[in-house]
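Breakdown of the fold
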Amino acid sequence: MGSNTSELTAATTLAVSGRSRDPHVVNPPVYRASTHLYADCAALREGPRTNEDGRFFYGRRGSPTQWALSDALTALEPGAHGTVLYPSGVAAIAGSLMAVCRPGDVLLVTDNAYDPSRSMAKGLFKRLGVEARFFDPLDLAAYDGLFCERTRAVWLENPGSLSMEVCDIPALTRIAREKGAVSLIDNTWATALGFPALERGCDISVQALTKHVGGHSDLMMGSASAGERWYRKLRQTAQELGQVVSPDDAALALRGLRTMQLRLEKSTASALAIAEWLSNRSEVAHVLCPILPGAPGHDLWRRDFTGGCGLFSFVLKDRDDAARCRLIDALDLFGIGYSWGGFESLALPIDIAPIRDRMAWPRPEWQAGEDCAIRLSIGLEDPHDLIADLTQALAAMDHA
Ligand SMILES: *Cc1c(COP(=O)(O)O)cnc(C)c1O
């Protein structure tokens, strides 16, 4: 599109960005091509001199299909200069950290990060000579004290995976900037629609497009968006690593993006209704859902976020794993699976204590120590049907 999309609202941006350059069709064609052809040897030799998106070179550097998706994601992220695509969310996490960290660096990692991010910091990045130090994102003083001369970067996630705490990203990134460290965030939960990460102080915003952007549980992809300086480093590193996404998947992701705001609004409203309902059930000890008034993190969520999504957790009262499994197995409308952000609802038993180094779990402010938790991803079904399903499954839980 020739128009400047930076002034448009998100809803309009989602409709007009990443469109075909051919004025006769709406969507960019799927260029399924490894080989790009040149008119003559002079054009061939010119190719490597201009390593820019938007110029055919070779399949690994993308085609109009992938560039359209990158452009649409960039247009949606205030402050972004560009977006690099990766074959999965985990590949985006690895690629963005590799663009930033060097041997000898210290990487601070939020203790409630997505488990594969934690494992990567303790495994791959340790082998690369990067020292990971985990921090409690709710303890600003301890976090501040962790920085040293070698601290290169901070890895954030908000809300925290599984336990859903909301942290003060503007404060955490301000401290990082003062110490000369780069802030990266896993922004999969909110997307740029719900949390404009670069505007809130982050330098690089990473997403698993597998979740909300794909939205239909049929593709794997990741992205990293950044301002000009870090975008160039991200892109160079991705090219050195040979990261590329298939044009078919890019077209699917772009198709998912068109309806992302509608899907998020619907699943957020349903999740709020279900979270509210669960908070009044005697079988439930705690609802961990930042969009729910009164729930942990709600005030910061209201201050910093512009939207939510259908993903939240709850903790059972006085029930064990066998009861939890009876509940989940009795659900008809909820699938049992690791992913989320699709059109269909999912339930997952989660065990948080083994994947925390710094943050106490169960939370110290809870008098009773329940920790038997379930994560729900609310999809596009009618929330009344989902509540009816949860009602019968809660009854089944106690009828062993
Ligand atoms: C699923 C997920 C990822 C990883 O995405 P994949 O595409 O599955 O590799 C990263 N972060 C969060 C918070 C996720 O839930």
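This is a predicted model, so every value here is computed, not measured.

**Considerations on the environment of Asp-53**
By secondary structure assignment, the location of Asp-53 is in the loop between helix H2 (41-46) and helix H3 (64-76). Remark: the alpha-carbon pair of Asp-53 and Pro-64, spanning 11 residues in sequence, is separated by 8.6 Å. Residues in contact with Asp-53, not counting those within four places in the same chain, are Arg-61, Trp-67, Tyr-231 and Arg-235. At 2.8 Å, the side chain of Asp-53 forms a polar contact with the side chain of Tyr-231. For Asp-53, the side chain forms a polar contact with the side chain of Arg-235, separated by 3.1 Å.

**A few points about the UniProt feature "modified residue: N6-(pyridoxal phosphate)lysine" (unreviewed entry) in the protein**
Per the UniProt annotation, the sites labelled "modified residue: N6-(pyridoxal phosphate)lysine" (unreviewed entry) are Lys-211. Within the fold, Lys-211 resides in the loop between strand S6 (204-208) and strand S7 (222-226). By relative accessible area, which is 10% here, Lys-211 ends up buried. Ignoring anything within four residues of it in the chain, the contact list for Lys-211 reads Thr-188, Ser-339, Trp-340 and Gly-341.

**Comments concerning the pattern of salt bridges**
The tally for this structure, following the rule as stated, stands at 24 salt bridges. Here Arg-102 and Asp-105 are joined by a salt bridge, their closest N and O atoms 3.4 Å apart. For Asp-105, a relative accessible area of 5% puts it in the buried group. A salt bridge links Arg-150 to Glu-131, with the shortest nitrogen-to-oxygen separation between them at 3.0 Å. With Arg-150 in the loop between helix H7 (140-146) and strand S4 (151-157) and Glu-131 in strand S3 (residues 131-135), the pair connects residues that are 19 residues apart, well separated along the chain. Take Arg-150: its relative accessible area is 38%, and that puts it in the partly exposed class. Classification of Glu-131 as partly exposed rests on a relative accessible area of 31%.

**Quick look at the sheet that holds strand S10 (residues 335-336)**
Reading across from one edge, S8-S9-S12-S11-S10 is the order of the five strands in this open sheet, with mixed pairing throughout. The outermost strands of the open sheet, each flanked by one partner alone, are strand S8 (284-288) and S10. Of the strand pairs in this sheet, strand S9 (residues 311-316) and strand S12 (residues 373-377) are connected by five bridges, and their pairing is antiparallel. Of the residues in S12, the one forming a bridge with Val-315 is Ala-373. Here helix H12 (residues 260-279) sits on the sheet and contacts S8, S9 and S12; the angle it forms with S9, its principal contact strand, is near 10 degrees.

**Considerations on the sheet that holds strand S1 (residues 82-86)**
Strands sit in the order S1-S7-S6-S5-S4-S2-S3 across an open sheet of seven strands; the sheet is mixed. Only two strands of the sheet have a single partner each, and these edge strands are S1 and S3. For this sheet, the mean inter-axis angle between neighbouring strands, taken without regard to orientation, is 20 degrees. Against the sheet, H3 touches S1 and S7, its axis set at about 130 degrees to S1. Against the sheet, helix H4 (residues 89-100) engages S1, strand S2 (106-110), S4, strand S5 (182-186), S6 and S7, with an angle of about 160 degrees to S6.

**A look at the site of the ligand**
Surveying the vicinity of the ligand reveals 13 residues, the closest of which are Gly-89, Asp-186, Thr-210, Lys-211 and Trp-340. In this structure, an oxygen atom belonging to the ligand sits 2.8 Å away from a main-chain N or O atom of Gly-89. Note that a nitrogen atom of the ligand is positioned 2.6 Å from one of the side-chain N or O atoms of Asp-186. Burial of the ligand by the protein amounts to 91% of the accessible area it has alone, namely 380 Å².

**As for the environment of Ser-313**
Relative to the elements of secondary structure, Ser-313 occurs in strand S9. Under the relative-accessibility criterion, Ser-313 is labelled buried at 0%. Measuring from C-alpha to C-alpha, the distance between Ser-313 and Ile-274 comes to 11 Å, with 39 residues separating the pair along the chain. Excluding anything up to four places from it in sequence, Ser-313 contacts Leu-162, Met-164, Val-287, Leu-288, Ile-350, Ile-374 and Arg-375. From its side chain, Ser-313 meets the backbone oxygen of Leu-162 in a polar contact 2.6 Å long.

What counts and what doesn't
Residues numbered from 1 in each chain as written. Predicted model: local features only at pLDDT ≥ 70, side-chain atom pairs only at ≥ 80, totals over all residues. Heavy atoms only, no water. Helix = DSSP H or I, 4+ residues; strand = E, 2+ residues; numbered from the N terminus. Contact = heavy atoms within 4.5 Å. Polar contact = N/O pair within 3.5 Å; in protein donor to acceptor, adjacent residues only side chain to side chain. UniProt positions renumbered as here; feature names shortened; annotations may be inferred. Buried < 20%, exposed > 50% of the residue type's maximum accessible area, 1.4 Å probe, protein only. Salt bridge = Lys/Arg side-chain N within 4 Å of Asp/Glu carboxyl O. Pairing = 2+ DSSP bridges. Axes fitted to C-alpha atoms, helices over the stretch in contact; angles between N-to-C directions. Near = heavy atom within 4 Å. Areas by Shrake-Rupley, 256 points an atom, 1.4 Å probe, with all protein chains shown as cover.

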